[in-house]
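Report on the structure
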Amino acid sequence: MRLTRFTDLALRAVMRLAVSGEGDSPTTREVAEAMGVPATHMAKAVTRLQHLGVLEARRGRGGGLELTRLGHQASVGWLVRELEGDGEVVACEGETPCPLRGACRLRRALREAQEAFYSALDPVTVDDLVASPTGPVLLGLSTRPG
Ligand code: SF4
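Residues numbered from 1 in each chain as written. Predicted model: local features only at pLDDT ≥ 70, side-chain atom pairs only at ≥ 80, totals over all residues.

The name given to the protein chain in an unreviewed UniProt entry is Transcriptional regulator, and the organism recorded there is Streptomyces cyaneogriseus subsp. noncyanogenus. In the Cofactor (unreviewed entry) part of its UniProt record, the protein chain is described as follows: "[2Fe-2S] cluster". (UniProt positions renumbered as here; feature names shortened; annotations may be inferred.)

Below, the discussion takes up the overall build of the protein chain. Regarding its fold elements, the protein chain presents 8 helices and 2 strands. Start at the N end of the protein chain and walk to the C end: the helices and strands fall as α-α-α-β-β-α-α-α-α-α. Seen through its principal axes, the protein chain has C-alpha atoms that stretch 60 × 30 × 25 Å. A buried classification covers 23% of the 146 residues belonging to the protein chain. Restricting the contact set of the protein chain to residue pairs at least 6 apart, pairs at least 24 apart contribute 66%. (Helix = DSSP H or I, 4+ residues; strand = E, 2+ residues; numbered from the N terminus. Buried ≥ 20, exposed ≤ 12 C-beta atoms within 10 Å, placed from the backbone. Contact = placed C-beta atoms within 7 Å.)

On to the site of the ligand, then. In the vicinity of the ligand, the contacting residues are Val 90, Cys 92, Cys 98, Leu 100, Arg 101, Cys 104, Leu 106, Arg 107 and Leu 110. Residues of the shell around the ligand, tallied by class, amount to 7 nonpolar, no polar and 2 charged. (Near = placed C-beta within 6 Å. Nonpolar A, V, L, I, M, F, W, Y, C, P; charged D, E, K, R; others polar.)

Examined against the element boundaries, Ala 74 turns out to sit in the loop between helix H4 (69-73) and helix H5 (76-84). By C-beta crowding, Ala 74 is classed as buried, having 23 other C-beta atoms within 10 Å. Along the backbone, Ala 74 and Val 124 are 50 residues apart, and their C-alpha atoms lie at a distance of 8.4 Å.

This brings us to the nonpolar core. Judged by nonpolar contacts, the single largest core of 28 residues is most densely connected at Ala 10, Ala 13, Val 14, Ala 18 and Leu 49. Here the element with the most residues in this core is helix H1 (residues 5-18); it accounts for 8 residues. Those residues in contact with Ala 13 that lie beyond four places of it in its chain are Val 31, Met 42, Ala 45, Val 46 and Leu 49. (Core = buried A, V, L, I, M, F, W, Y, C linked by C-beta atoms within 7 Å.)

Put simply, H5 and helix H6 (residues 105-121) touch, their axes get as near as 6 Å, and they point 135° apart. The orientation of H5 relative to H6 falls into the category oblique. Packed against H5, whose contacting residues are Val 76, Gly 77, Val 80 and Arg 81, the element H6 presents Tyr 118, Ser 119 and Leu 121 at the interface. (Axes fitted to C-alpha atoms, helices over the stretch in contact; angles between N-to-C directions. Parallel < 35°, antiparallel > 145°, perpendicular 65-115°, else oblique.)

Here the focus is H1. Its 14 residues give H1 an end-to-end C-alpha distance of 20 Å, which sits within 8% of 20 Å, the value for a rise of 1.5 Å per residue. With 10 of its 14 residues buried, H1 lies for the most part within the structure. Along H1, the residues that are buried comprise Leu 9, Ala 10, Leu 11, Arg 12, Ala 13, Val 14, Met 15, Arg 16, Leu 17 and Ala 18. (Expected span 1.5 Å × (residues − 1).)

Looking now at the pairing of strand S2 (residues 64-67). Taken together, the 4 bridges between strand S1 (residues 55-58) and S2 define a ladder with antiparallel strand orientation. Residue Arg 58 lies in a different strand from S2, and its bridge partner there is Gly 64. (Pairing = 2+ DSSP bridges.)

So this is what it looks like as structure tokens:
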């Protein structure tokens, strides 16, 4: 199974923010630069994460992005499900629906495989993702001067 780029960007942002210490509230642009992605794409992911309650944006001087308590403790399985939506791994419906779609064992097996994929991520939290060696590498990517 392959995650959308949108989900990948959102997870990168969440990981970067999970290692932020006191007074380290990077902007969306800084997170994007640290992660090597366009700021416009990162902004869409940040907006979605705000709606999910995973992060907050503080305005004004010294403002920036911060992970919420929910964001730190969030299950990666829950987060990926929310970001990926209800889509199946194959396009059985759509403009040219597959003639087997009403009685297809492959479709059922793929749905079960998709659920197994998400279930494997359920016990993993965002904070788990930034344990060593990932966390120290993320801290080294910070682009904020000084
Ligand atoms: S063969 Fe089955 S899984 Fe593949 S597109 Fe058709 S209905 Fe979907």
